[in-house]
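One-letter residues, chain by chain:
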Amino acid sequence: MNRSILRRLPACIGLVGAAFLIWLAVPRTFASIMLAVSKPAYEQINNPALPLADIAQLKDRLLRVIDWVDEREVQTRLGYVELALASRAENEAERQNHLALAETAFENAIAHSPMDPFSWARLCYIRLQTGGAEDGTAMEALSTSLVTGPYERSLAISQIEYAAILWDQLSEDDQKTIEEKVRWIETLERRDLIALAKQNPKTMTLVIRAMADGDIDRFTRFIVQLNK
């Protein structure tokens, strides 16, 4: 009897192991499917026509799958969802609550991917609205974004915009980086840079000063375009 049990023991262990793997795989598979299903709504997160109920449902789905799939991706999506909810808040208290949740989500995403310049930039954006311009935390986030994303074309305009607000807090190296970024992005996204320059006196001063320190012919052409 004992020999029979011993002969069957490996098979039993294998069966238990297989059952355990299936138990782990089912919720992960379900979570991946739910994440994929929610992607269309996520891609429309900044669309004003997206119903608030859809955003709330998206947030619920993300919270349900967070323990089973790539947490960095889910936390990043949660951050953008909370920013969308903050933009639709009915009062300042509600808005600040969503901003705080967004900040936590991006901090969690950064914990999994410290070299993500986009999350650092979003963190700077949030902190500029929650007191980070005064306590130095917005500047720290921007500085890290500059280090981790020196040539991110889609991020450059935002980095320059935030730098204009935080200019006096930036180190000389960061200021130099921003001025070089202005001259670089002018060759790629001139219209966006001009729009940014016209946004307010701080951005105008930063952009013109940076361009003036570069090639004089480029600067002259830029000023012509700026005045149109």
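What you are looking at is a predicted structure, and each value in this text was computed from that prediction instead of being measured.

Draft legend 1. Region of the structure containing the side chain of Glu-82. Within the secondary structure, Glu-82 sits in helix 4 (residues 71–87). Taking relative accessible area as the criterion, Glu-82 reaches 3% and is therefore assigned buried. Once residues lying within four places of it in the same chain are set aside, the contact partners of Glu-82 are Lys-59, His-98, Leu-101 and Ala-102.

Draft legend 2. Broad picture of the pattern of salt bridges. Taken as a whole and judged by the stated rule, the model has 10 salt bridges. Two residues, Glu-82 and Lys-59, come together in a salt bridge whose shortest N-O distance is 2.8 Å. Here Glu-82, found in helix 4, pairs with Lys-59, found in helix 3 (residues 52–65); they are 23 residues apart in sequence, far enough to count as distant. Salt-bridge contacts for Glu-189 lead to Arg-153; the nearest nitrogen and oxygen are separated by 2.7 Å. Remark: Arg-153 occurs in helix 9 (residues 153–166) and Glu-189 occurs in the loop between helix 10 (172–186) and helix 11 (190–197); sequence separation between them is 36 residues. A relative accessible area of 42% places Arg-153 in the partly exposed class. Via salt bridges that share partners, Glu-103, Glu-107 and Arg-127 belong to a single interconnected network.

Draft legend 3. The arrangement of the environment of Trp-120 in detail. Summarising the element assignment, Trp-120 is placed in helix 6 (residues 117–128). Among the residues examined, Trp-120 registers a relative accessible area of 16% and is labelled buried. In this structure, the C-alpha to C-alpha distance between Trp-120 and Ala-138, residues 18 residues apart in sequence, is 9.3 Å. Apart from the residues within four sequence positions on either side, Trp-120 is in contact with Ile-110, Pro-114, Ala-141, Thr-144, Ser-145 and Thr-148.

Draft legend 4. Quick look at the packing of helix 9 against helix 12 (residues 201–212). Viewed as axis vectors pointing N to C, helix 9 and helix 12 meet at an angle of 110°, and their least axial separation amounts to 9 Å. Regarding the angle of helix 9 to helix 12, the classification is roughly perpendicular. Listed contacts from helix 12 to Ile-160, Ala-163, Ala-164 and Ile-165 of helix 9 are Lys-202, Thr-203 and Leu-206.

Draft legend 5. Structural detail: the packing of helix 3 against helix 4. Between helix 3 and helix 4, the shortest axis-to-axis distance is 10 Å and the interhelical angle comes to 155°. When the axes of helix 3 and helix 4 are compared, the pair comes out roughly antiparallel. Considering how the two elements wind past one another, helix 3 and helix 4 form a crossing that is left-handed. Contacts between helix 3 and helix 4 involve Leu-52, Ile-55, Leu-58, Lys-59, Leu-62, Leu-63 and Val-65 from the first element and Val-74, Arg-77, Leu-78, Val-81, Glu-82, Ala-84 and Leu-85 from the second.

Draft legend 6. Quick look at the nonpolar core. Ranked by internal contacts, the top residues of the largest apolar core, which has 40 residues, are Leu-142, Ile-178, Val-182 and Leu-193. With 8 residues, the top contributor of residues to this core is helix 9. Counting residues in each nonpolar core, the second largest holds 14 residues, with Ile-45, Ile-66, Val-81 and Leu-85 among its members.

Cut-offs and rules
Residues numbered from 1 in each chain as written. Predicted model: local features only at pLDDT ≥ 70, side-chain atom pairs only at ≥ 80, totals over all residues. Heavy atoms only, no water. Helix = DSSP H or I, 4+ residues; strand = E, 2+ residues; numbered from the N terminus. Buried < 20%, exposed > 50% of the residue type's maximum accessible area, 1.4 Å probe, protein only. Contact = heavy atoms within 4.5 Å. Salt bridge = Lys/Arg side-chain N within 4 Å of Asp/Glu carboxyl O. Axes fitted to C-alpha atoms, helices over the stretch in contact; angles between N-to-C directions. Parallel < 35°, antiparallel > 145°, perpendicular 65-115°, else oblique. Left-handed = near helix turned anticlockwise from the far one by under 90°. Core = buried A, V, L, I, M, F, W, Y, C linked by side-chain atoms within 4.5 Å.

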